[in-house]
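Single-letter residue listing:
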Amino acid sequence: MTSTEPSRVVLFGAGATGARVARQLRSSTHVDCVEIRDPDTEAAARLIDSLGDGAERGVGRDIDSSVSAVVIASPAGTQTALARRAIHAGVPVITTSNKTAEVRRLLALDQEARFGSIPVIVGAGFMPGLTCLLAKHGARQFDEVEEIHVAKVGTGGPACARQHHRALSSRGVDWRDGRWTERSGGSGRELAWFPDPVGGRDCYRAGLPDALLLVPEFAGVQRVTARQAATRRDRLTSPLPMLWRPHPEGGIGAIRVELRGRVGLERRVDVFGAIERPAVGAGAMAAAVTLHVLSGRLPAGAYGLAGVDDTTALLHTLAARGVKPVRFEGMSTFV
Amino acid sequence: MGGGLLTLVRRALVAIGAGIAVAAAIRVRGSGGVPPQTGGWRELSGSDLD
C-alpha cells in the first residue's frame, strides 16, 4: 500500500456480506474507520458493537469527498443509486451486485467514472467477482481464450438467497458466437464439478450477470456462459414466491471457472475454482479490492474484476484474507 | 353433437395433461454425468501466482 493518509470507508449494508467486508477492512491496517450504514438499525448496531473501535454508525445516502472509498453490499437492485452518488462525490466505489439489470446499469457508469478519474468496480463478490478475477488470471496462460464458462453453488445471506431464487426464473444472458443470446432460466442442465467437498452439482442457466462483465475484457471470445447449481425443488418452485424464509446464511458454497482456448497449436482447457461460504468469499473479495482501490492500484472506469491487470497482486491480497483459489490438475489437453 | 363436443374436450384435456406431465418429468429429472476420472484440485501457488 502506498497511501499513508487516514482512510475512511463507507459501507452500505450490514448483512452477511457487509459484515464480512467490515471485519476484513477493520482487520487491515490500511483502513482507520469503517462507517456502516443500513436501514436495519439493529443489524448495523450489532455489527458496530462486534467490531469495536474504528467502526461507526452512519445514516442516509449522502457521501462527501472526505470518504476514501464506498463499498456497497446492500441488496441487489439498490446499488446503482448509491454508486452514482459516490461518483458525483468523486469517491471510488466497490459494488457487489449480482443482478443482471443492475450490473448493466453500473457498467453504463463507465464514462462518468472515467470523467471523474475514479474506479467503479462492478460485482466484486464471489460470483461475479472472484470468478472474473480467476478468468482473467487463467487467461494469461492462453494465446487465445475462446470459451469461458462459470458456475456457482450456494448463497450468502437472505438477500443473496432471494436473488438466487429470482435468477432461476429469469432469462440467462450468454455470449455465443459473437452475439448475445437470452435463454430461459432453469434450462441448459450441465453437471459441473466443483472443488471438494462440494463435488458434482447440476447447474442451470439463470439471470446471472457474469457474461456482461467478462465479454468486454476478452477480445475474440466465442462463448461465455454462467450457470448456478439448483435442486429439483429449486427449479420447480422458482416461478413462485419464496415459500420459506431464507436462512440467515447459506452453507458452504463454491465457484468454478472453465477456460477453453489455444496455446500455440494446442487446444487447452483450464479449470479454476474456490470453496468458501459465499458471504465470506464475497466479503473477502470486496475487502481485497477495496484495499487495492485505496492504494490507487486500480484504474478509472466502471468494470468487473476481469478488467484488473495485476491479477496476481489481487489474488495475493485475497489469499491473505483467507480465500485461496484452487486449480484442477491432471486434466488432459486436447488437439 | 353434444356428446362429440364433450369427447373432443375430454381428449384435449387428456392431451394437455399428458404434455404437462412429460414436460415436468423432463424438466425435473435430467440425466447423469461422468465425474473426472483423473486429477484433482490444487491450491494456487508458486508459478501460478508469479
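Residues numbered from 1 in each chain as written. Chains lettered and ligands numbered in written order. Predicted model: local features only at pLDDT ≥ 70, side-chain atom pairs only at ≥ 80, totals over all residues.

Peer 1: Any details on the overall build of chain A? Residues and values, ideally.
Peer 2: Counting its regular elements, chain A contains eleven helices and 16 strands. In terms of its C-alpha atoms, chain A occupies a principal-axis envelope of roughly 55 × 45 × 35 Å. A buried classification covers 57% of the 335 residues belonging to chain A. Here the analysis covers contacts within chain A between residues at least 6 apart in sequence; of these, 73% occur between residues at least 24 apart. (Helix = DSSP H or I, 4+ residues; strand = E, 2+ residues; numbered from the N terminus. Buried ≥ 20, exposed ≤ 12 C-beta atoms within 10 Å, placed from the backbone. Contact = placed C-beta atoms within 7 Å.)

Peer 1: Describe in detail the interface of chain B and chain A, supporting the description with residues and values.
Peer 2: Each partner contributes residues to the interface: chain B has 16 residues there, and chain A has 22 residues. Those elements that provide at least two residues to the side of chain B that touches chain A are helix 1 (2–29) and strand 1 (40–43) of chain B. Residue contributions to the side of chain B that touches chain A peak at four residues, all from strand 1 of chain B. For the side of chain B that touches chain A, a count of residues per class yields six nonpolar, five polar and five charged. (Nonpolar A, V, L, I, M, F, W, Y, C, P; charged D, E, K, R; others polar.)

Peer 1: Residue-level account of the sheet that holds strand 5 (residues 93–95) of chain A, with values.
Peer 2: Residues and elements named next belong to chain A. The parallel open sheet is built from seven strands, whose spatial order is 3-2-1-4-5-6-15. Of all the strands in the sheet, the pair left with one neighbour each is strand 3 (55–57) and strand 15 (301–303). Strand-to-strand, the axes of this sheet are offset by a mean angle of 20°, without reference to chain direction. Relative to strand 6 (residues 119–121), strand 5 runs parallel, the two sharing two bridges. If you follow V93 over to strand 6, its bridge partner there is V120. Sheet strands touched by helix 3 (residues 79–88): strand 1 (8–12), strand 4 (69–72), strand 5 and strand 6. Its angle to strand 5, the strand with the most contacts, is close to 170°. (Pairing = 2+ DSSP bridges. Axes fitted to C-alpha atoms, helices over the stretch in contact; angles between N-to-C directions.)

Peer 1: I'd like a description of the pairing of strand 1 of chain A, backed by residues and values.
Peer 2: All names here are of chain A. Among the five residues that make up strand 1, four are buried, leaving the element largely enclosed by the rest of the structure. With five bridges connecting them, strand 1 and strand 2 (residues 33–37) associate as parallel partners. Across the sheet, the residue bridging to V9 is V34, located in strand 2. In this structure, strand 1 lies alongside strand 4, joined through four bridges in parallel fashion. Opposite L11, over in strand 4, you have V71 as the bridge partner.

Peer 1: Which residues make up the domain arrangement of chain A, and what values go with them?
Peer 2: All names here are of chain A. The assigned domain composition of chain A is domain 1 (8–125 + 281–318) and domain 2 (130–280). Summarising the inter-unit geometry, the C-alpha centres of domain 1 and domain 2 are found 23 Å apart. Listed per partner, the contact involves 27 residues of domain 1 and 25 residues of domain 2. Every element with two or more residues in the side of domain 1 that touches domain 2 is listed here: helix 1 (16–27), helix 4 (100–107), helix 10 (278–294) and helix 11 (311–320). The biggest single contributor to the side of domain 1 that touches domain 2 is helix 10, with five residues. (Domains from an automatic or database assignment.)

Peer 1: Go over the packing of helix 10 of chain A against helix 11 of chain A, please, and point to the residues and values.
Peer 2: All names here are of chain A. As a packed pair, helix 10 and helix 11 sit with axes 9 Å apart at the nearest point and diverge in direction by 125°. The angle between helix 10 and helix 11 places the two elements in the oblique class. Note that helix 10 runs across helix 11; the crossing there is right-handed. Across the interface between the two elements, A284, M285, A288, L291 and H292 from helix 10 touch L314, T317 and L318 from helix 11. (Parallel < 35°, antiparallel > 145°, perpendicular 65-115°, else oblique. Left-handed = near helix turned anticlockwise from the far one by under 90°.)

Peer 1: I'd love a proper account of the nonpolar core, names of residues and values included.
Peer 2: Residues and elements named next belong to chain A. Counting residues in each nonpolar core, the largest one holds 113 residues, and the members touching the most others are V120 and M285. For this core, the element with the most residues is helix 10, which contributes twelve residues. The two domains that each donate at least three residues to this core are domain 1 (8–125 + 281–318) and domain 2 (130–280). With sequence-adjacent residues up to four places away left out, M285 is seen in contact with A124, G125, F126, G129, L130, L318 and V323. (Core = buried A, V, L, I, M, F, W, Y, C linked by C-beta atoms within 7 Å.)

Peer 1: Could you give an account of helix 11 of chain A, with specific residues and numbers?
Peer 2: Side chains of residues three or four places apart in an α-helix project in the same direction, reflecting 3.6 residues per turn. Residues and elements named next belong to chain A. All of the buried residues along helix 11 are T311, L314, L315, T317 and L318. Each buried residue of helix 11 sits inside an arc of 160° when the element is viewed along its axis, so together they form one side. Summarising the contacts, the buried residues of helix 11 are in contact with helix 6 (130–139) and helix 10. G322 sits one or two positions beyond helix 11 and adopts a positive phi of about 100°. (Arc of directions from axis to C-beta.)

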